[in-house]
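# Architecture and fold: a report
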Amino acid sequence: MQKLFGQSPYPANKYRWDIDRVVHLVKLCKDSETRQDFYNNCIDLDFVGSECSKLDLTRTKLNDVTLISAPVALSDVTKGLMLELQHFCYKESSGAAYLYELVRHIQPKIYSTFTCTSLNTCVTALRNKFRRLNKSKSRNDHAEVLLSEPFLSENPCAKNVLLPVEEHDDDSHSHQDTRSSAGVSLSVGHVTASPTCSKAQSSGPSVQSYAVRKIQGRADGLVEQLKEKEKELLILRNLCADKEKKIVSLDNSLTNSFKKIKKQGQTVDSLERQIQLLSCDKRKWETEIRSLKNGATYQRMRRKIKSLEMTIEITKQDKYCADDVSALKQKMYGYKKALHSQKQVAKIHLEEKRNLKKDLKELKSRFEVVESELLEMQSESLQTRSDERGRPFYDSIEKCVMNLIGECDVPSSKCGQVIQAVAKWVFCKNVPLSLLPSSNTCIDMADRAQVLSKYQVAESLTNSDMWDLHSDGTSRDHKKIVGQQVNLDSGRTLSAGFSGVAVEDSASLLDNSIAMLKELVDVFDHGSQEAEKEATYKCMLKKLFATMSDRCSVQKLFNEKLVEHRSEVLSDDTEVHFLFCNAHFLLGLSSECEKTLKSLEKLVAAELGHPLGRDNDAKFAHFKSSSESSAARCIYVQDAIRLAQGVMRKMDADSSGWHTAVKMCKKIQKLLVSE
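Described in the following lines is the structure provided in the data block. (Residues numbered from 1 in each chain as written. Predicted model: local features only at pLDDT ≥ 70, side-chain atom pairs only at ≥ 80, totals over all residues. Heavy atoms only, no water.)

## What to know about a nonpolar patch on the surface
A cluster of nonpolar side chains, contributed by V422, W425, V426 and F427, occupies part of the molecular surface with about 490 Å² of accessible area. The topology assignment puts W425 in helix α16 (residues 415-425). (Patch = residues over 30% accessible without salt bridge, like charges linked within 9 Å, V, L, I, M, F, W, Y side chains within 5 Å. Areas by Shrake-Rupley, 256 points an atom, 1.4 Å probe, with all protein chains shown as cover. Salt bridge = Lys/Arg side-chain N within 4 Å of Asp/Glu carboxyl O. Helix = DSSP H or I, 4+ residues; strand = E, 2+ residues; numbered from the N terminus.)

Have a look at this one:
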């Protein structure tokens, strides 16, 4: 069909559909005369449907919406017309968005009433309903009546048919539920009976009260259902608003990506033009150099020089031709000078040629990088491995895994899934798990990250003028762990690692610090001689300025041993500052004071015959606690009251509630004094 009609914009699937329809209609022709008349009929390729033909809507106009002159009347937009438009979009492979665009030009009111999704859903439901009516066994005219009905009459898929929900006071307004099947009118506080309830009034007070209670119960149930529907409606509206915001953000990101692709394309075009210009210049210089080498002037000058040399040799023999010999020598000198200048020009041209080749090579490499980035941005997949030997992962993937494990606390077995989810939902890239690092690979990358961190600490110590050593001990699973930190002169604090110890004494802390420094030296000077490692160790130890530990009981002895070790290694008595941390001592003192107060309070309570403070009041029975003493509790409350009074003094004295708060604080203080 396409060969018969030429390169027509009519699609091939439409030809196939017309052929199938003709074959189907031919089978319905029983006799030869009817079949011959059917053969003589012409096929209108612009025909869409009977409803579209009534409104002069052909296939050409529907494919080019600018040809639609004016919107049709709202009553002319029937359900049959909408079904024909949807069938047209299906045959043309245009989709629901083009159907929504056709409706905007045919009837703008329908376009403003629906969204693209709701219109497609409504027309699909209408098509399914028409199929059910058309395939029914009764063969009535309900299908034709459905096609002739206006499309916008009582349509539940419209986006503007949501009724507003009004809220009224309980004293002056009533909540009515129109979905009640018994026709009962309800109000908050009283019940108005329907004709069904009038029969119960005539049958006696008991029947009447039963009917009223029954109706009241049904009314309460309907009111609860109405409130639940209102909540669901509010939730759906909020969800729709969130989805619209997400769609707007996705559209913005799509436009930004298109702009980036356009800019990359422009840079690629400019680089291609530069490459073409440089290649033209290269060819030009090559031809010039070739012409200079193969030129007649160059060869002529060489022949002249040879001939002059021969004449000089001949004239030497003739002692009477001294003047001619000097003139010939001067000419030969001039020719040599000209030849030297030509050689210099040739060298300059060769140097320019080398520079042009180098620039061309750099431009080609830049072009390949830009082209690969452009292809990567346009493709839906993401490259994670390089083409080198062993196909290692790119540095960006390895850095991402190190960041996930080291800073985000992501387990190694989940790193691949996290990268896959982020690439899919943030960058729209489909990356299979087989191309991402496995759990063992992630563990190897984490080990490399640890080695890099050790190298960073060692490099920072060697580059800084001075540094401080801080140690802090803790317990995990009945095991003692000591953490080492270094504070640089720039203000940065780096972790030097953790190690387990049996006892936190001065010897263990000293051994731990020395082992930490030697480990940093081994990482920093890996593969070097022992003399270089010893020099690096001395350099780090010499720059040590101050130390501090949380173990105040062993800090003094640790400092003495560290000074001895430092003097043995460096043979230097440079002063090292030692900072003492008394936090653990104060905490132990506080704990012992609290124990003593509790024992004293038990003795006083035994003499008085009742507990002290709030524990003696039944109102505070649920707040009894043996973890703190009454004196400590009194101190806490006094501090809280003073803090609250200071805050209230900063407030406006005329503000409501200020005088009440002051009175309450004074009452609490009186209670504490009595306690």
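## A closer look at the pairing of strand β3 (residues 467-476)
Across a regular strand the side chains alternate sides, sitting on one face of the sheet and then on the other. In this sheet, strand β4 (residues 479-488) lies alongside β3 in antiparallel orientation, the contact comprising ten bridges. Pairing of S471 across the sheet is with Q484, part of β4. Taking the residues that link successive antiparallel strands as the turn, the β3-β4 hairpin has two residues, and the phi of D477 there is positive, at about 55°. Two elements, β3 and strand β6 (residues 544-549), share five bridges in a ladder whose sense is parallel. Across the sheet, the residue bridging to S471 is S549, located in β6. (Pairing = 2+ DSSP bridges.)

## Side note on α16
Inspection of α16 places C415, G416, I419 and A423 among the buried residues, and these make up the whole buried set. Buried residues in α16, looked at end-on, bunch into an arc of 100°, giving them a common side. On its buried face, α16 sits against α15 (395-406) and α17 (439-463). (Buried < 20%, exposed > 50% of the residue type's maximum accessible area, 1.4 Å probe, protein only. Arc of directions from axis to C-beta. Contact = heavy atoms within 4.5 Å.)

## Let's talk about the sheet that holds strand β5 (residues 493-501)
Across the sheet, five strands lie side by side as β5-β4-β3-β6-β7; this open sheet has mixed pairing. Because the sheet does not close on itself, it has two edges, and the strands there are β5 and β7 (577-580). Put simply, the sheet's adjacent strands are angled 20° from each other on average, direction ignored. Summarising the sheet, β4 and β5 pair through eight bridges and their orientation is antiparallel. Paired with I481 across the strands is G500, a residue of β5. (Axes fitted to C-alpha atoms, helices over the stretch in contact; angles between N-to-C directions.)

## Notes on the packing of α17 against helix α18 (residues 506-524)
Here α17 crosses α18 at 100°, and the two axes come no closer than 8 Å. As the angle between them shows, α17 and α18 are arranged roughly perpendicular. In this structure, α17 uses V451, K454, Y455, V457, A458, E459, L461 and T462 to contact α18, whose residues at the interface are E519, L520, V523 and F524. Each residue belonging to the contact of α17 with α18 can be placed in one class, and the counts come to eight nonpolar, one polar and three charged. (Parallel < 35°, antiparallel > 145°, perpendicular 65-115°, else oblique. Nonpolar A, V, L, I, M, F, W, Y, C, P; charged D, E, K, R; others polar.)

## Digging into unusual backbone geometry
You will see that D56, though not glycine, has its phi angle at about 60°, which is positive. Position of D56 among the secondary structure elements: in the loop between α4 (50-54) and α5 (59-63). Relative accessible area serves as the criterion here: at 46%, D56 is assigned to the partly exposed category.

## Concerning the packing of aromatic side chains
Scanning the model with the defined rule gives three aromatic pairs in all. Judged by centre distance (5.2 Å) and plane angle (35°), the ring pair of Y455 and F524 falls under tilted. Within this pair, whereas Y455 is found in helix α17, its partner F524 is found in helix α18, the two being separated by 69 residues in sequence. The exposure class of Y455 is partly exposed, given its relative accessible area of 34%. Stacked on the ring of Y111, the Lys or Arg R104 has its end atom at 5.9 Å from the ring centre. Lying over the aromatic face of F393, R385 brings its terminal NZ or CZ to 4.0 Å of the ring centre. (Phe/Tyr/Trp six-rings, centres within 6.5 Å; stacked < 30°, edge-to-face > 60°. Lys NZ or Arg CZ within 6 Å of the ring centre and 35° of its normal.)

## A look at the side chain of K79
By the secondary structure assignment, K79 is in helix α6 (residues 79-91). Within the structure, K79 has its side chain in polar contact with the side chain of E149 (distance 2.9 Å). Not counting residues within four places of it along the chain, the set of residues in contact with K79 comprises L126, L146, L147, E149, P150 and F151. (Polar contact = N/O pair within 3.5 Å; in protein donor to acceptor, adjacent residues only side chain to side chain.)

## Describing the nonpolar core
Membership of the largest hydrophobic core comes to 29 residues, with the highest contact counts inside it found for L62, M82, L85, L102, I106, L119 and F151. Every element with two or more residues in this core is listed here: α6, α7 (96-106) and α9 (116-134). Not counting the four nearest positions on each side in its chain, F151 is found in contact with V77, T78, K79, M82, I110, F114, L119, C122, V123 and L126. Judged by nonpolar contacts, the second largest core, of 27 residues, contains V482, L541, L562 and L570. (Core = buried A, V, L, I, M, F, W, Y, C linked by side-chain atoms within 4.5 Å.)

## Quick look at the pattern of salt bridges
For the structure shown, the criterion picks out eleven salt bridges. Between R354 and E351 there is a salt bridge whose closest N-O contact spans 3.0 Å. One end of the pair, R354, and the other, E351, are both in helix α14 (residues 322-378), three residues apart, so they sit about a helical turn from each other. A relative accessible area of 40% places E351 in the partly exposed class. Note that E592 is salt-bridged to K595, the shortest N-O span being 3.8 Å. Of this pair, E592 and K595 both sit in helix α21 (residues 583-608), three residues apart, which is roughly one turn of the helix. A relative accessible area of 45% places E592 in the partly exposed class. Classification of K595 as exposed rests on a relative accessible area of 54%.

## Describing a positive patch on the surface
Together, R302, K306, K343 and K347 make up a region of like positive charge exposed at the surface. Relative to the helices and strands, K306 is located in helix α13 (residues 296-317). (Lys, Arg positive; Asp, Glu negative; His and termini not counted. Charge placed at Lys NZ, Arg CZ, Asp CG, Glu CD.)

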